[in-house]
Amino acid sequence: MELNNLSKINKKKIRVGRGIGSGKGKTSSRGHKGQKSRSGVSIKSFEGGQMPLYRRLPKRGFKKIKKQFTAILNLAKIQNMIDKKENNLKNILDLKILKEKKLINKKYSKLKILGTGEIKNNIEIIANYASKQALEKVSKAGGKLSLSKK
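Further remarks concern unusual backbone geometry. Across the chain, the bulk of peptide bonds are trans and the bulk of non-glycine residues have phi less than zero. The phi angle at K26 is positive, at roughly 50°, despite the residue not being glycine. Among the structural elements, K26 can be located in the segment before α1 (53–56). Here K26 falls in the exposed class, since its relative accessible area comes to 69%. In this structure, S29 takes a positive phi of about 65° despite not being glycine. Note that S29 resides in the segment before α1.

Listed below in C-alpha cells is the structure:
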C-alpha cells in the first residue's frame with residue numbers, strides 16, 4: 001500500500017443530525033430525550049444529589065513549592081567517578097564541582113554520602129550529610145569528609 005492511497009485519507013467525517021436518510025439523524029446517536037442528550041451538559045461527577053466521592057474522601061497532604069532535593073552518593077559511585085579519566089576530578093569534591101562536571105543533575109541542592117563500597121584515593125569531600133560508615137572509610141583511606149551547614 002502506498003503512502004498516498006491510505007484508506008484513512010479518503011474517509012469522510014460522519015455528519016450527525018442531517019436527516020433520517022443519513023442513518024444518524026433525529027437523535028444523532030444520543031439516544032432519546034433527557035439531560036444527556038442535550039448539548040453543553042457535563043454531569044461527570046454528579047451522583048444524583050448524593051455527596052460525591054471526591055467530597056466524601058478526606059483531603060490529605062500537600063506538595064512543597066520549593067522542595068529541596070538531596071543527591072545521594074555511595075563511596076563506590078564516588079570511586080567510580082574518580083577512576084574515569086574524562087571526569088578529571090582533583091582531590092576535592094563537593095556539590096558545586098559535581099554540578100559543573102555534570103555528574104549530578106542541577107536540581108539537587110544538598111549532598112549526602114553513604115558508605116556502600118570502598119574508596120581508595122585520599123580525597124576531601126564536602127557534603128551536607130554523611131553516614132558513620134562513610135566517615136570511617138574516607139578517613140581510613142587518608143581522606144577527609146567535612147560536613148557543611150547549608
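Now, onward.
This paragraph deals with the nonpolar core. A general feature of soluble globular proteins is that nonpolar side chains tend to end up buried together. Formed by 20 residues in total, the largest nonpolar core has its most connected members in I78, L111, I113 and I125. Sorting the residues of this core by element identifies β1 (69–74), α2 (75–83), α3 (95–100), β3 (108–114), β4 (124–127) and α4 (132–140) as the ones contributing at least two each. At four residues, α2 tops the list of elements feeding residues into this core. Apart from the residues lying within four places of it in its own chain, the contact partners of I125 are I78, L93, I113, V138, K144, L145 and S146.

Overall, the coordinates contain two salt bridges when judged by the stated rule. Taking the shortest distance from any N to any O, the salt bridge between E47 and R56 comes out at 3.2 Å. Classification of E47 by relative accessible area gives partly exposed; the value is 31%. Measuring nitrogen to oxygen at the nearest pair gives 3.7 Å for the salt bridge that ties E118 to K137. Here E118 is found in the loop between β3 and β4, whereas its partner K137 is found in helix α4, with 19 residues between them in sequence. The exposure class of E118 is exposed, given its relative accessible area of 54%.

Rules used in this analysis
- Residues numbered from 1 in each chain as written.
- Predicted model: local features only at pLDDT ≥ 70, side-chain atom pairs only at ≥ 80, totals over all residues.
- Heavy atoms only, no water.
- Helix = DSSP H or I, 4+ residues; strand = E, 2+ residues; numbered from the N terminus.
- Buried < 20%, exposed > 50% of the residue type's maximum accessible area, 1.4 Å probe, protein only.
- Core = buried A, V, L, I, M, F, W, Y, C linked by side-chain atoms within 4.5 Å.
- Contact = heavy atoms within 4.5 Å.
- Salt bridge = Lys/Arg side-chain N within 4 Å of Asp/Glu carboxyl O.

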